[in-house]
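As a plain string of letters, each chain reads:
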Amino acid sequence: PVQQSNGLWFWNGDIQTWNFFYHWNIQQYTWPMHSCGQFDMFEPYARLRLGGLVHAMADAQTVFNCRGAWYADISNRKGYQPIVFQDDVDKKTKPGEVVVDHGTTDNLTPGSQIAMDLYRHYQYTLDEEFLNEYVYPVMRESVRVYCDYLQKEDDGRYHVPESCPYEGNGLC
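Each helix and strand in the chain was counted, giving six helices and four strands. Reading the secondary structure of the chain in the N-to-C direction produces β-α-α-α-β-α-α-α-β-β. Pairs at least 24 apart in sequence give 53% of the contacts found in the chain among residues at least 6 apart. As presented, the chain carries roughly 10500 Å² of accessible surface, and 54% of it is formed by carbon and sulfur atoms.

And the structure:
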């Protein structure tokens, strides 16, 4: 996928900000592909996300002790994600200092968004091979992590014990 920060055009020479691939930013490049009939241009994104599935499954176990796949908001160019725990970020800050990076483990939404993007491709193409090879594995494992992560509380309902919105620093 194209680097999402400025795409091909950098306003400040060779200085490039945001050297990771941020999920929300790169998926936006895929949205118009279907409506303009360029289905094949979605395939690199799909390969990136399916290629990261095994790592996302290992990360779900490491970070949340859950089955399934947990995709972080950021990844490298191969779709593998760095894991930064908030506790580690907190240890490196001084009392009263504002933490800009809220870690990578607080955002639980990318997996379901990735699964939806893959399913949207299927809806446009009706390619059952793509559905079986790409959509179903990512969707199944993204749902599985939520099922393990939810906790049934005293009110009899299932709740997400902890999460954070995009760029929700300090709101978690």
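Looking at the chain, pLDDT values average 78 and 66% of them are 70 or higher. Ranking the elements of the chain by mean pLDDT puts helix α4 (residues 86-91) last, at 56, and helix α6 (residues 128-149) first, at 96. Ignoring residues within four places in sequence, the model shows residues 97-102, a span with pLDDT below 50, making 13 contacts including any to other chains.

Turning next to the packing of aromatic side chains. In total, this model carries seven aromatic pairs according to the counting rule given. With a centroid separation of 6.3 Å and an interplanar angle of 45°, the aromatic rings of F39 and Y124 are classed as tilted. With F39 in the loop between α1 (23-35) and α2 (43-51) and Y124 in helix α5 (residues 110-125), the pair connects residues that are 85 residues apart, well separated along the chain. Ring centres of F42 and F130 lie 6.4 Å apart, and the angle between their planes is 65°; on these two criteria the pair is classed as edge-to-face. Here F130 lies in helix α6 and F42 lies in the loop between α1 and α2, a separation of 88 residues in the sequence. Like F130, F42 is buried.

Here is what the cut-offs are and how they apply
- Residues numbered from 1 in each chain as written.
- Predicted model: local features only at pLDDT ≥ 70, side-chain atom pairs only at ≥ 80, totals over all residues.
- Heavy atoms only, no water.
- Helix = DSSP H or I, 4+ residues; strand = E, 2+ residues; numbered from the N terminus.
- Contact = heavy atoms within 4.5 Å.
- Areas by Shrake-Rupley, 256 points an atom, 1.4 Å probe, with all protein chains shown as cover.
- pLDDT = per-residue confidence, 0-100.
- Phe/Tyr/Trp six-rings, centres within 6.5 Å; stacked < 30°, edge-to-face > 60°.
- Buried < 20%, exposed > 50% of the residue type's maximum accessible area, 1.4 Å probe, protein only.

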